[in-house]
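Each chain, letter by letter, is given below.
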Amino acid sequence: MIETVKQLKSGSLCLYPSSLGWWLIADSWNKEAMRALRPVRHTLAQQELVLHIESIGLLSQYVPEVPEVAWDWMEMNRRPLWIKFEQYHLLPEGIEAGELWICLNKEEAWHKLLNRMGHPVAGILLGDTYVLDEAWKVHIPEMTLPKKRHRPDKVHLLNNGTIQSLEKGN
């Protein structure tokens, strides 16, 4: 974990395991890392960019008006939950509002990583398997995927709290 944090803060991309599969992650505050993630993202089948936040309190830093239903979902949901909002503000450089999901991750390993980073991490879900291009210069930690696996719940909310789309995970 310490080496992964060190690599992320130095601008490297890193693999990181979760109950959803492997993630390719970058330090969201590191401009070079975010620039490195963009072209990689466009070569992958799964191109959704997810900003992982440590606590629900950080949500208001990125979303100007958080609908009440979003607070409820994030507090009560036990599975991975991704929420896409209609508007964002103060996004890390290189992240466009229309392409971003926010995840309050409840897995212990993610909490430890985000706590040690001190700020959000941006990532792309690769799934159970991955192929890495040497040009990406990815740090691969000595970690394994958890045995219990999930798919995320995904909610796209409008500013007034109306659900534009909902996809239930497992």
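All figures in this text were calculated on a predicted structure; none of them were measured in a lab.

Some points on the nonpolar core
With 34 residues, the main nonpolar core has Leu37, Phe85 and Ile102 as its most contacted residues. At four residues, helix α2 (residues 31-41) tops the list of elements feeding residues into this core. With residues near it in sequence (within four places) discarded, Leu37 still touches Leu13, Leu24, Ala26, Leu49, Ala122 and Ile124. Membership of the second largest hydrophobic core comes to 17 residues, among which are Val5, Leu8, Ile25 and Met117.

Quick look at the confidence of the model for the chain
Detailed reading of predicted coordinates is not advised where the pLDDT is low. Looking at the chain, pLDDT values average 83 and 96% of them are 70 or higher. Of all the helices and strands in the chain, strand β9 (residues 163-167) carries the lowest mean pLDDT, 76, while strand β2 (residues 21-27) carries the highest, 92.

A look at the pairing of strand β1 (residues 13-18)
The buried fraction of β1 is high, at six of six residues. Every second residue of β1 is oriented toward a common face, with Leu13, Leu15 and Pro17 on one face and Cys14, Tyr16 and Ser18 on the other, all of them buried. As judged from the two bridges shared by β1 and strand β7 (residues 138-139), these two strands associate in the parallel manner. Residue Leu13 lies in a different strand from β7, and its bridge partner there is Val138. Here β1 runs beside β2; their pairing, made up of five bridges, is antiparallel. Across the sheet, the residue bridging to Leu15 is Leu24, located in β2. Connecting β1 to the next strand, β2, in antiparallel fashion are two residues.

Considerations on unusual backbone geometry
A positive phi angle, close to 55 degrees, is found at Leu90, a residue other than glycine. If you trace the backbone, Leu90 turns up in the loop between β4 (81-85) and β5 (100-104). A relative accessible area of 65% means that Leu90 is categorised as exposed.

Looking at the sheet that holds β2
Pairing in this open sheet of nine strands is mixed, and the strands run β7-β1-β2-β6-β3-β5-β4-β8-β9 from one edge to the other. The strands lining the two open edges of the sheet, one partner per strand, are β7 and β9. In terms of strand pairing, β2 meets strand β6 (residues 121-127) through six bridges, oriented antiparallel. Bridged to Leu24 within β6 is Ile124. Sheet strands touched by helix α5 (residues 108-117): β1, β2, β3 (49-53) and β6. Its angle to β1, the strand with the most contacts, is close to 145 degrees.

Digging into the pattern of salt bridges
It is possible for side chains of opposite charge to pair when their charged atoms get near one another. One pass over the structure, following the stated rule, counts five salt bridges. One salt bridge in this structure joins Glu99 and Arg38, with 3.2 Å as the shortest N-O distance. In this pair, Glu99 sits in the loop between β4 and β5 while Arg38 sits in helix α2, placing the two residues 61 residues apart along the sequence. Note on Glu99: relative accessible area 15%, which makes it buried. Residue classification places Arg38 among the partly exposed residues on the basis of a relative accessible area of 25%. The shortest N-O distance in the salt bridge between Glu108 and Lys112 comes to 3.2 Å. On the criterion of helical spacing, the pair formed by Glu108 and Lys112 is a turn pair, its members being four residues apart in helix α5.

What counts, and at which threshold
Residues numbered from 1 in each chain as written. Predicted model: local features only at pLDDT ≥ 70, side-chain atom pairs only at ≥ 80, totals over all residues. Heavy atoms only, no water. Core = buried A, V, L, I, M, F, W, Y, C linked by side-chain atoms within 4.5 Å. Buried < 20%, exposed > 50% of the residue type's maximum accessible area, 1.4 Å probe, protein only. Helix = DSSP H or I, 4+ residues; strand = E, 2+ residues; numbered from the N terminus. Contact = heavy atoms within 4.5 Å. pLDDT = per-residue confidence, 0-100. Pairing = 2+ DSSP bridges. Axes fitted to C-alpha atoms, helices over the stretch in contact; angles between N-to-C directions. Salt bridge = Lys/Arg side-chain N within 4 Å of Asp/Glu carboxyl O.

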